[in-house]
Amino acid sequence: MAFVLPGSVPRTHGGPQQQQFNPYSENGGTILAIAGANFSVIAGDTRQSDGYNIQTRYAPKVFRLTDKAVLATNGFAADGNMFVKKVRQRLEWYRHAHAKDMSLHAIARLIQSMLYQRRFFPFYVYNILGGIEDDGSGAVYSFDPVGSYERETCRAAGAASALVQPFLDNQIYFKNQTVPPGNAHPTHLSLAHVLSLVIDSFTSATERHIEVGDGLEMYVVLAKGSPLQGLDTIQGITELTSVPGGERMFVIRRKLKRD
Amino acid sequence: MSIMDYNGGSVIAMVGKDCVAIASDLRLGNQALGVSSNFQKIFPITDRIFLGLPGLATDVITLKERFRFRVNMYTIKEEREIEPETFAHLVSSTLYEHRFGPYFCEPVMAGISKTPSGGTKPFIAATDLIGCLNFAKDFVVAGTASEKLYGVAEGLWEPDLEPEDLFETISQTIMNAVDRDAYSGWGCIVHVITKDKVITRTLKGRMD
């Protein structure tokens, strides 16, 4: 149990006794984001657990922040939810002050300072921010719990990050793959290919990790004016776009094994 | 940190179509300090059985010699080569003899066994440090990079791979797994075992 109530430990003998309160728990699950040339995919499973107990089979870990930014959180769910709430509040203040949405790189820097402000009582959360940069390129920013961050092409975090990240190194960065002379690795992966890698990553993680499963949510952000790239043929897709003519946002939901 | 992670190292075995493969890294370390880049963890037991021993290096060497001795005694008494299934149980019982003071190794074995009808069947197995057997139908992993190996293998492996495809699959799996593990790496070795030959290849890897 995460919260030990003061005085709940029976005093069986004399001598000094120490009581302690642990404000953190670890709620499992895994998140993943991959950036393409003009799109970004941000995904997470929906299981929330505490030890061997499943608290819920549907607790979203991936959140839409603006028309072009999506934030995935993983670690201590209560901190994650509170952190997203606070980021959204800061983004709303920015809108009121500047009459526009904050750009992605600025949100990344904002998240860094919000995390570092809590340097000595951190939000116990690994964040991955995905979306579209001002120049129309797909972007992924990954953070540690105290705000150290980096822009990357892909990143996995959470319970099954050790399972997924080396697979991504191989399939996204083509690590340890040498090409025959005269050939070359593709410079940008297609959206359909990226989505199939995300689904494979989560089905693999579900197979081998007990804290991953139940459901998969994949957010797709398309840059302004870019084609649908086959998204219209995908089953169970919901469009979340708010302003026509801008970036388009979709969410794709899939079932994962429940055992 | 566990005594099992003291020297580092990882092993994986996979099943293919009428073939099996076993691979390991070549690192020997003293915690984070690299000591050797040519430390063998996979040993031939018979012409078609290989045994991988990741774990505490001193026990790797002791167990290698113990299994050599026990298999030799078996061969002399039975006047035939040991079958992979039998060998797996020999490994299991040898480790369980030390139930309350175990060798800190998690053996992984791969071989081709004979069927009663005269055919052959690929065989892989792994045990924990006290000899609990795991006869998997797809792949088995052990060592400091085991989590990473599970993730990549689950993504890359498919049933009925031909020997050359199995070689590529197991090689990509171990290379990408050990590159994310500080305690494994420094090159790899891969053995692909078919019913009539063994292909052994040493792979160059990242040296950091």
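Being a predicted model, the structure only gives us computed values, none of them experimental.

Asker: Help me get a handle on the overall build of chain A, residues and values and all.
Answerer: A count of helices and strands for chain A gives four helices and 13 strands. The C-alpha atoms of chain A give a radius of gyration of 20 Å, which matches the 18 Å a tight globule of 259 residues would have. Seen through its C-alpha atoms, chain A measures out along the principal axes to roughly 75 × 50 × 35 Å. Each of the 259 residues in chain A was classed as buried or not, and the buried ones make up 48%. Within chain A, contacts between residues separated by at least 24 positions form 63% of all contacts whose residues are at least 6 apart in sequence. Roughly 13000 Å² of accessible area belongs to chain A as shown, and the carbon and sulfur atoms make up 53% of that amount. Separation between the mean location of the 26 positive side-chain charges and that of the 23 negative ones in chain A comes to 4 Å.

Asker: Which residues make up the nonpolar core, and what values go with them?
Answerer: With 33 residues, the main nonpolar core has Val198(A) and Val220(A) as its most contacted residues. Of all the secondary structure elements, the ones that give two or more residues to this core are β1 (30–35), β2 (39–45), β10 (154–158), α3 (161–171), α4 (191–208), β11 (215–222) and β13 (248–255) of chain A together with α3 (146–156) of chain B. No other element matches the seven residues that α4(A) contributes to this core. Filtering out sequence-adjacent residues up to four positions away, Val220(A) remains in contact with Ser40(A), Val41(A), Leu191(A), Leu195(A), Leu231(A), Arg248(A), Met249(A), Phe250(A) and Ile252(A).

Asker: Quick rundown of the side chain of Asp79(A)? Include the residues and the values.
Answerer: Residues and elements named next belong to chain A. Assignment of secondary structure puts aspartate 79 in helix α1 (residues 77–98). One buried charged residue, aspartate 79, remains without a salt bridge, the closest side chain of opposite sign being arginine 118 at 5.1 Å. Filtering out sequence-adjacent residues up to four positions away, aspartate 79 remains in contact with Tyr24, Pro122, Phe123, Tyr124 and Val125.

Asker: If you had to explain the confidence of the model for chain B to someone new, which residues and values would you point to?
Answerer: Confidence along chain B averages 98 in pLDDT terms, with 100% of residues attaining 70 or more. Interface confidence in the predicted complex, given as ipTM, is 0.97; pTM for the same model is 0.95.

Asker: With reference to specific residues and values, describe the sheet that holds strand β9 (residues 149–152) of chain A.
Answerer: All names here are of chain A. Spatially, β5-β6-β7-β8-β9 is the arrangement adopted by the five strands of the open sheet, whose pairing is antiparallel. The open sheet has two free edges, formed respectively by β5 (62–64) and β9, since each of these has just one partner strand. Within this sheet the neighbouring strands show an average axis-to-axis angle of 20°, counted without direction. As paired strands, strand β7 (residues 125–132) and strand β8 (residues 138–143) are joined by five bridges and run antiparallel to one another.

Asker: Can you lay out the interface of chain A and chain B for me, pointing to particular residues and giving the numbers?
Answerer: Counting residues at the interface gives 16 residues for chain A and 16 residues for chain B. Summing the contributions of chain A and of chain B, the shared interface buries around 1400 Å²; its carbon and sulfur component is 51%. Here chain A is connected to chain B by three salt bridges. With its nearest N and O atoms 3.7 Å apart, the salt bridge here joins Arg208(A) to Asp138(B). For the interface between chain A and chain B, the tally reads five residue pairs in polar contact (both at pLDDT 80 or more). Where the side of chain A that touches chain B is concerned, the elements lending two or more residues are α3 and α4 of chain A. Top element by residues in the side of chain A that touches chain B is α3(A). It accounts for eight residues. Here the residues of the side of chain A that touches chain B sort into five nonpolar, six polar and five charged.

Asker: I'd love a proper account of the sheet that holds strand β6 (residues 49–52) of chain B, names of residues and values included.
Answerer: Residue and element names in this part refer to chain B. Strand order in the open sheet made by the five strands is β5-β6-β7-β8-β9, with antiparallel pairing throughout. The two strands at the open ends of the sheet, each matched to only one other strand, are β5 (42–46) and β9 (133–134). With four bridges joining them, β5 and β6 adopt antiparallel strand pairing. For threonine 46, the partnering residue across the bridge sits in β6 and is isoleucine 49. Against the sheet, helix α1 (residues 57–78) touches β5 and β6, its axis set at about 5° to β5. The sheet contacts of helix α2 (residues 84–96) involve β5, β6, β7 (108–114), β8 (120–127) and β9, and relative to β7 the element is tilted by about 145°.

Asker: Provide a residue-level description of unusual backbone geometry, including the pertinent values.
Answerer: Notably, Ala99(A) is not glycine yet its phi reads approximately 55°, a positive angle. Topologically, Ala99(A) is positioned in the loop between α1 and α2 (104–116). Although it is not a glycine, Gln31(B) sits at a positive phi angle of roughly 55°. Here Gln31(B) shows up in the loop between β3 (28–30) and β4 (33–36). Here Gln31(B) falls in the partly exposed class, since its relative accessible area comes to 38%.

Asker: Residues and numbers for the packing of α1(B) against α2(B), please.
Answerer: All names here are of chain B. The N-to-C vectors of α1 and α2 enclose an angle of 125°; their axes lie 11 Å apart at closest approach. In terms of their interaxial angle, α1 and α2 are classed as oblique. The two elements α1 and α2 meet at a crossing, and its hand is right-handed. When α1 is examined against α2, the residues Leu63, Arg66, Phe67, Arg70, Val71 and Tyr74 are found in contact with a partner set consisting of Thr86, Phe87, Leu90, Val91, Thr94 and Leu95. Across the contact of α1 with α2, the residue classes tally to eight nonpolar, two polar and two charged.

Asker: Before we move on, could you go through α3(A) and cite the residues and values that matter?
Answerer: Summarising burial for α3(A): nine of the eleven residues are buried, a large majority. Within α3(A), the full set of buried residues consists of Ala162(A), Leu163(A), Val164(A), Gln165(A), Pro166(A), Phe167(A), Leu168(A), Asp169(A) and Asn170(A). Packed against the buried residues of α3(A) are β1, β10 and α4 of chain A together with α3 and α4 (163–178) of chain B.

Asker: Lay out the pairing of strand β6 (residues 69–75) of chain A with the relevant residues and their values.
Answerer: Residues and elements named next belong to chain A. Buried residues dominate β6, accounting for seven of its seven residues. Looking at chain direction, β5 and β6 are connected through three bridges and run antiparallel. Paired with valine 62 across the two strands is alanine 72, which belongs to β6. Hairpin connection, β5 to β6: the antiparallel pair is bridged by four residues. Summarising the sheet, β6 and β7 pair through seven bridges and their orientation is antiparallel. Its bridge partner being in β7, threonine 73 is matched across the sheet by asparagine 127.

Thresholds applied
Residues numbered from 1 in each chain as written. Chains lettered and ligands numbered in written order. Predicted model: local features only at pLDDT ≥ 70, side-chain atom pairs only at ≥ 80, totals over all residues. Heavy atoms only, no water. Helix = DSSP H or I, 4+ residues; strand = E, 2+ residues; numbered from the N terminus. Rg over C-alpha atoms; globule rule 2.2 N^0.38 Å. Buried < 20%, exposed > 50% of the residue type's maximum accessible area, 1.4 Å probe, protein only. Contact = heavy atoms within 4.5 Å. Areas by Shrake-Rupley, 256 points an atom, 1.4 Å probe, with all protein chains shown as cover. Lys, Arg positive; Asp, Glu negative; His and termini not counted. Charge placed at Lys NZ, Arg CZ, Asp CG, Glu CD. Core = buried A, V, L, I, M, F, W, Y, C linked by side-chain atoms within 4.5 Å. Salt bridge = Lys/Arg side-chain N within 4 Å of Asp/Glu carboxyl O. pLDDT = per-residue confidence, 0-100. Pairing = 2+ DSSP bridges. Axes fitted to C-alpha atoms, helices over the stretch in contact; angles between N-to-C directions. Buried area = accessible area lost by both parts, 1.4 Å probe. Polar contact = N/O pair within 3.5 Å; in protein donor to acceptor, adjacent residues only side chain to side chain. Nonpolar A, V, L, I, M, F, W, Y, C, P; charged D, E, K, R; others polar. Parallel < 35°, antiparallel > 145°, perpendicular 65-115°, else oblique. Left-handed = near helix turned anticlockwise from the far one by under 90°.

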